[in-house]
Amino acid sequence: GAVVSQHPSWVICKSGTSVKIECRSLDFQATTMFWYRQFPKQSLMLMATSNEGSKATYEQGVEKDKFLINHASLTLSTLTVTSAHPEDSSFYICSARGYLAGVGEQFFGPGTRLTVL
Amino acid sequence: LAKTTQPISMDSYEGQEVNITCSHNNIATNDYITWYQQFPSQGPRFIIQGYKTKVTNEVASLFIPADRKSSTLSLPRVSLSDTAVYYCLVGGPSFSGNTGKLIFGQGTTLQVKP
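Presented here is a report on the structure given in the accompanying data block. (Residues numbered from 1 in each chain as written. Chains lettered and ligands numbered in written order. Predicted model: local features only at pLDDT ≥ 70, side-chain atom pairs only at ≥ 80, totals over all residues. Heavy atoms only, no water.)

**Observations concerning the state of the cysteines**
And then number 1: A complete count under the given rule lists 2 disulfides over all chains for this structure.
And then number 2: Each disulfide pairs two cysteine sulfurs, and for A:Cys23 the partner residue is A:Cys94, the sulfurs being separated by 2.0 Å. Its torsion about the S-S bond being 80°, the disulfide of A:Cys23 and A:Cys94 is classed as right-handed. Of this pair, A:Cys23 sits in strand E3 (residues 19-25) while A:Cys94 sits in strand E9 (residues 90-97), and the two are 71 residues apart along the sequence.
And then number 3: By relative accessible area, A:Cys23 is classed as buried at 0%.
And then number 4: With relative accessibility at 0%, the residue A:Cys94 sits in the buried group.
And then number 5: Each sulfur in the disulfide pair B:Cys22 and B:Cys88 lies 2.2 Å from the other. In this structure, the disulfide formed by B:Cys22 and B:Cys88 twists by about -80° around the S-S bond and is classed as left-handed. (Disulfide = S-S within 2.5 Å. Helix = DSSP H or I, 4+ residues; strand = E, 2+ residues; numbered from the N terminus. Buried < 20%, exposed > 50% of the residue type's maximum accessible area, 1.4 Å probe, protein only.)

Spelled out as structure tokens, the structure:
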């Protein structure tokens, strides 16, 4: 299957700082990318849907000013956690799909572990 | 998006066949059924997808009855490395106008014992 990468794989930051996570589709053009958050022992929670060249669509309850998403190219989307606090510590996962992709053609990145001290 | 219901956990032993059933009573006509596997601290990995009847690939089989209100993922002869969380999702492909977003349910934690 297609490859999606995330960088960094883990990050530790101080409370109040901002952290940027990158999601890249390595061998296909991702017209749509999705960002998820997963707390320990819980399922993935969809945060937002990002289409290339347009503003992200956030799920209910997700603060768009807190979690800034940019999808400026067909191979790169970024998630910036602004003014991070300990409660933002979580596992962040992105996924990507190409134009006219089938349901199973959504590929997930390896995830980024964020720890806010 | 159709809601899915799965058992929270299952135990099995190496070499056994494991069947995980998922209920999706409100599945739409153009929805497909997709199963993902997730290991700790990793992103989900696609296992299998189907629309109706039976689908088989090199790692699993998917059984879907005629009414499509449920589906069963079958893992033949599991090994310790199959210990993971398995998610059942339903949704339509992008060419049907669907956004493609996947809403994950609680999943089934499969524990394979030696």
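**Here's the deal with the sheet that holds strand E3 (residues 32-38) of chain B**
All names here are of chain B.
And then number 1: Judged by pairing direction, the sheet is mixed, and its 5 strands sit side by side in the order E1-E9-E8-E3-E4 without closing on themselves. Single-partner strands in this sheet number two, and they are strand E1 (9-13) and strand E4 (45-50). Strand-to-strand twist across the sheet, computed as the mean angle between neighbouring axes with direction ignored, equals 25°.
And then number 2: Sheet topology places E3 next to strand E8 (residues 84-91); 7 bridges connect them, and they run antiparallel. Counted as the bridge partner of Tyr32 is Gly91 from E8. (Pairing = 2+ DSSP bridges. Axes fitted to C-alpha atoms, helices over the stretch in contact; angles between N-to-C directions.)

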